[in-house]
Amino acid sequence: MSKKVVLAYSGGLDTSVAIPWLNEQGWEVVAVAVDVGQPGDLQAAVDRAAPLGAVDARLVEAKQDYVDRYALPALRMNALYQGRYPLVSALSRPLISEILVAVAEETGADAVAHGCTGKGNDQVRFEVSLKALAPDLEVLAPVRDWGMSREQTIAYAEERSLPVTTTRSSPYSIDENLWGRSIECGILEDPWESPPDDIYELTDLKTADGYRDVVVSFEAGVPSGIDGEALTPIQVIAVLGKIAGSYGYGRVDLVEDRLVGIKSREIYEAPAALALIDAHRDLEDLTLERSVAREKRAIDAKWSELVYEGLWFSPLREAFDAFAASTQDYVTGEVRLRFTAGGCLPVGRRSATGLYDRGLATYDDGDQFDHSDAAGFIKLWGMPATQWAKARRRR
Ligand code: ARG
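Below you will find a few notes about this structure. What you are looking at is a predicted structure, and each value in this text was computed from that prediction instead of being measured.

1. With respect to the site of the ligand
Part 1: The local shell around the ligand holds 14 residues, among which Tyr85, Asn121, Arg125, Ser173 and Glu256 are the closest.
Part 2: Taking Asn121, its side chain carries an N or O atom lying 2.7 Å from an oxygen atom of the ligand.
Part 3: Note that a nitrogen atom of the ligand is positioned 3.2 Å from one of the side-chain N or O atoms of Tyr268.
Part 4: Considering the ligand on its own, with 350 Å² of exposed area, one finds that the protein chains cover 89% of that surface.

2. Section: the sheet that holds strand S6 (residues 173-177)
Part 1: On the basis of which strands lie adjacent, the open sheet formed by four strands has the order S6-S7-S12-S11 and antiparallel pairing. Strands with a single pairing partner mark the edges of an open sheet, and in this sheet they are S6 and strand S11 (251-257). Sheet twist, expressed as the mean angle between neighbouring strand axes with direction ignored, is 20°.
Part 2: As judged from the three bridges shared by strand S7 (residues 180-184) and strand S12 (residues 263-269), these two strands associate in the antiparallel manner. Looking at the pairing, Ser182 lines up with Tyr268 of S12.

3. Section: a positive patch on the surface
Part 1: Positive charge collects at one region of the surface, where Lys390, Arg392, Arg393, Arg394 and Arg395 lie side by side.
Part 2: If you trace the backbone, Arg394 turns up in helix H14 (residues 383-394).
Part 3: For Arg394, a relative accessible area of 65% translates into the label exposed.

4. What to know about the sheet that holds strand S3 (residues 56-61)
Part 1: Taken together, the five strands give an open sheet; going across it, the order is S3-S2-S1-S4-S5, and neighbouring strands pair in parallel fashion. Among the strands making up the open sheet, the edge pair consists of S3 and strand S5 (138-140). Sheet twist, expressed as the mean angle between neighbouring strand axes with direction ignored, is 25°.
Part 2: Note that strand S1 (residues 3-8) and strand S4 (residues 111-113) share three bridges and pair parallel. Bridge pairing in S4 links Val6 to Val112.

5. Focus: a nonpolar patch on the surface
Part 1: On the surface, Phe377, Ile378 and Trp381 cluster together into a nonpolar patch covering about 430 Å² of accessible area.
Part 2: Along the chain, Phe377 falls in helix H13 (residues 372-381).

6. A word on the packing of helix H4 (residues 88-107) against helix H5 (residues 122-133)
To characterise two packed helices, one gives the angle between the axes of the helices and the distance between these axes.
Part 1: Where H4 contacts H5, the two axes come as close as 9 Å, and the packing angle between them is 40°. By the angle between their axes, H4 is oblique relative to H5. Classified by chirality, the crossing of H5 by H4 is right-handed. Only Asp122, Arg125, Phe126, Ser129, Leu130 and Leu133 of H5 make contact with H4, whose side of the interface consists of Ser89, Ala90, Arg93, Pro94, Ile96, Ser97, Glu98, Leu100 and Val101.
Part 2: Broken down by class, the residue content of the contact of H4 with H5 amounts to eight nonpolar, three polar and four charged.

7. Some words on the pairing of strand S8 (residues 212-219)
Part 1: Relative to strand S13 (residues 333-340), S8 runs antiparallel, the two being bridged by seven bridges. From the neighbouring strand, Ser217 faces S13, where its bridge partner is Glu334.
Part 2: Inspection of the sheet shows S8 paired to strand S9 (residues 222-226) by four bridges, in the antiparallel sense. For Glu219, the partnering residue across the bridge sits in S9 and is Val222.

8. Structural notes on unusual backbone geometry
Part 1: Notably, Ala220 is not glycine yet its phi reads approximately 50°, a positive angle.
Part 2: Secondary-structure assignment places Ala220 in the loop between S8 and S9.
Part 3: Phi at Asp227 is positive, roughly 50°, even though this residue is not glycine.
Part 4: What makes Asp227 partly exposed here is its relative accessible area of 44%.

Calculation rules
- Along every chain, residues carry numbers that run from 1 in the direction the sequence is written.
- Where local features are concerned, this predicted model is filtered to residues with pLDDT of at least 70; where side-chain atom pairs are given and counted, the filter is 80 or more; whole-chain, interface and lining totals use all residues.
- Side-chain numbers come from the whole structure's heavy atoms, not from hydrogens or water.
- Put simply, a residue is near a molecule or strand once any heavy atom of it comes within 4 Å of that molecule or strand.
- For the purposes of these results, a polar contact is taken to be a pair of N or O atoms within 3.5 Å, where, inside protein, one atom must be able to donate a hydrogen and its partner to accept one; residues adjacent in sequence count only when each atom of the pair is a side-chain atom.
- Using a 1.4 Å probe, accessible areas were evaluated by the Shrake-Rupley method; residue-level cover was limited to the displayed protein chains.
- Should DSSP find at least two bridges between two strands, the strands are regarded as paired.
- Secondary structure elements follow DSSP: runs of H or I no shorter than four residues count as helices, runs of E no shorter than two count as strands, and numbering proceeds from the N terminus.
- Each axis is a line fitted through C-alpha atoms, and for a helix only the stretch in contact is used; angles between axes span 0 to 180 degrees, taken between their N-to-C directions.
- Patch construction takes residues with relative accessible area above 30% that form no salt bridge. Like charges are linked within 9 Å, and nonpolar side chains (Val, Leu, Ile, Met, Phe, Trp, Tyr) are linked within 5 Å.
- Counted as salt bridges are all cases of a side-chain nitrogen of Lys or Arg within 4 Å of a carboxyl oxygen of Asp or Glu.
- We treat Lys and Arg as the positive residues and Asp and Glu as the negative residues; His and chain ends play no part in the count.
- Here the site of a charge means atom NZ of a Lys, CZ of an Arg, CG of an Asp or CD of a Glu.
- Partly exposed residues are those whose accessible area sits between 20% and 50% of the maximum for their type, while under 20% is buried and over 50% is exposed, using a 1.4 Å probe and protein chains only.
- Any angle that falls under 35 degrees is termed roughly parallel, while one over 145 is termed roughly antiparallel, one within 65 to 115 roughly perpendicular, and all others oblique.
- The hand of a helix crossing depends on one turn: near helix anticlockwise from the far one by less than a right angle means left-handed, and clockwise means right-handed.
- A contact between two residues is defined here by any heavy atoms of the two lying within 4.5 Å.
- Gly counts as polar in this scheme, as do all residues outside two lists: the nonpolar Ala, Val, Leu, Ile, Met, Phe, Trp, Tyr, Cys and Pro, and the charged Asp, Glu, Lys and Arg.

And the structure:
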């Protein structure tokens, strides 16, 4: 009896070719496509898996789970790798790993497989996640093992008349989910070349006209509405993404430090994620106590690196999340974002739990700040520096 492997299947060229390739290595393949909000007809892709040689093919709906357990925690962390990349692809891999393990258990499989190459971060994210979730399950990486170039992979498919839709025409490698879109390869590999306009699908600068203000509401750090209308987080992501995208906001063009040591040029478009982070971070500035806010900014950056580097299933990520959760109770209120061509700026914020006190801040009548307190405070605050300066002059 041949052994069984559960393959993370997207319907793209590599994971399509992986099915007959694994068959040739003696594996029965269960193909699993996970819906995390990518575009296109995923069911049609799943329907092609049996003709490719899969014994079982499934579509697993995971959008709600992805938002609740991955995207919203990332938003709570204002998560940006290198201060700019909202972790689009890094967030989906641990969830896909969870689903692979569940299907492997259900179908009594001996192994799971992913379609990553040996050069990227995604292989690390899958394999570290899979090891944490199911240490005894074998992990196969057919695309890394077969050593075929993209041309050779296409030739392999053509020789066997495989039902794959990918042609030689699209030079890009694209990964998308409802938190955004990652675009790599082709002309983009020259970091000096401006990205061609036609790579963008979620953002359009040509439709940007004047400016538009949008009010985003949050309840305890979770987005809860737009312009006064109550919406679910998934709806906020969809609505805000459309508006931001129509102003060409949400593009990132980044020379990225991969975990495997390579610098690579990456393009992202994440209009909803970036606008939500802009708004959430602004509301935190209003509602978090200063020392908590400072500590959180440092933890936000560390969390982003940890997740980028594939350590979602780690005690440190859980500890960071526990800290973050404890900070969000008062992150309730509204932020007004102003979209202009390619830009987004918070231009107003309010919160019943905000810490802004106009009586303390004002320079007008009604000032409640006791100015005489300042002199003594400055004297003591500066005392260590003053003492040090005196001693240095004596030397
Ligand atoms: N460089 C990004 C990351 O490491 C994007 C990876 C995109 N993956 C892909 N298969 N195109 O998260």
